[in-house]
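Descriptive analysis of the structure
Chain by chain, the residues:
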Amino acid sequence: MEILKELLMTKPVVGTVDWIGIAKASRAPMDSLEFAEIVHGGLRGDHHCRPGRPSKRQVTLIQAEHLPVVAGLLNRKDVPPELLRRNIVVSGINLAALKYTRFRIGTALLEGTGNCPPCSRMEENLGPGGYFAMVNHGGITAIVLEEGTFSVGDSVTPVEAK
């Protein structure tokens, strides 16, 4: 993991927030936001946000570059991000490189906790084959280390661990 951190820090790598979404209740449609607040527990207003109840899946992120791949695997023209039920769509940085590292989104500090595997909802949302189309394309999960705010267009930047 130390080598990965060194490689990640060898040159400036910055991503961009392309989309933000929350669901106010389980199975509720995702609401698209231009601005969000990250609090301990997740994105304020999201039904998965549970301050005071530790979870490695406080925030979910998916890479924008994977959306056309998933669409292609399903013979679809596109896949709207709200169907994938992730909180943040990021472009320009490989999210796999942020697993187990710290990174900033806007003023918030997060730490990647692992992969975000697909759930059975992908079959429902994307149709037959949706689950397998998302395998290895589901993004990552993260925990909140420092609360903050962010907007569509903000930077996603890895930071060195203290």
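In this report, the structure presented in the accompanying data block is examined. (Residues numbered from 1 in each chain as written. Predicted model: local features only at pLDDT ≥ 70, side-chain atom pairs only at ≥ 80, totals over all residues. Heavy atoms only, no water.)

Let us look at the sheet that holds strand E10 (residues 148–151). Taken in spatial order, the three strands of this open sheet run E4-E3-E10, and their pairing is antiparallel. Each having just a single partner strand, strand E4 (42–43) and E10 make up the two edges of the open sheet. Of the strand pairs in this sheet, strand E3 (residues 35–39) and E10 are connected by four bridges, and their pairing is antiparallel. Bridging from a neighbouring strand, Phe-35 pairs with Ser-151 of E10. (Pairing = 2+ DSSP bridges. Helix = DSSP H or I, 4+ residues; strand = E, 2+ residues; numbered from the N terminus.)

Our focus in this paragraph is the packing of aromatic side chains. Summed over all chains, the structure comprises one aromatic pair. Summarising the aromatic geometry, the rings of Tyr-131 and Phe-132 are spaced 5.2 Å apart at their centres and angled 85 degrees between planes, so their arrangement reads as edge-to-face. By relative accessible area, which is 32% here, Tyr-131 ends up partly exposed. (Phe/Tyr/Trp six-rings, centres within 6.5 Å; stacked < 30°, edge-to-face > 60°. Buried < 20%, exposed > 50% of the residue type's maximum accessible area, 1.4 Å probe, protein only.)

With that settled, the discussion passes to a nonpolar patch on the surface. Residues Tyr-131, Phe-132 and Val-135 make up a contiguous nonpolar surface patch of about 290 Å² in total accessible area. Inspection of the secondary structure puts Val-135 in the loop between helix H4 (130–134) and strand E9 (140–146). (Patch = residues over 30% accessible without salt bridge, like charges linked within 9 Å, V, L, I, M, F, W, Y side chains within 5 Å. Areas by Shrake-Rupley, 256 points an atom, 1.4 Å probe, with all protein chains shown as cover. Salt bridge = Lys/Arg side-chain N within 4 Å of Asp/Glu carboxyl O.)

Across the seven residues of E9, five count as buried, placing the element largely inside the fold. For strand E5 (residues 59–63) and E9, the ladder comprises three bridges, and the chain directions are antiparallel. Within E9, the position partnered with Thr-60 by the bridge is Thr-141. Judged from the six bridges that link them, strand E8 (residues 108–115) and E9 form a sheet pairing that is antiparallel. Bridge pairing in E9 places Leu-110 opposite Val-144.

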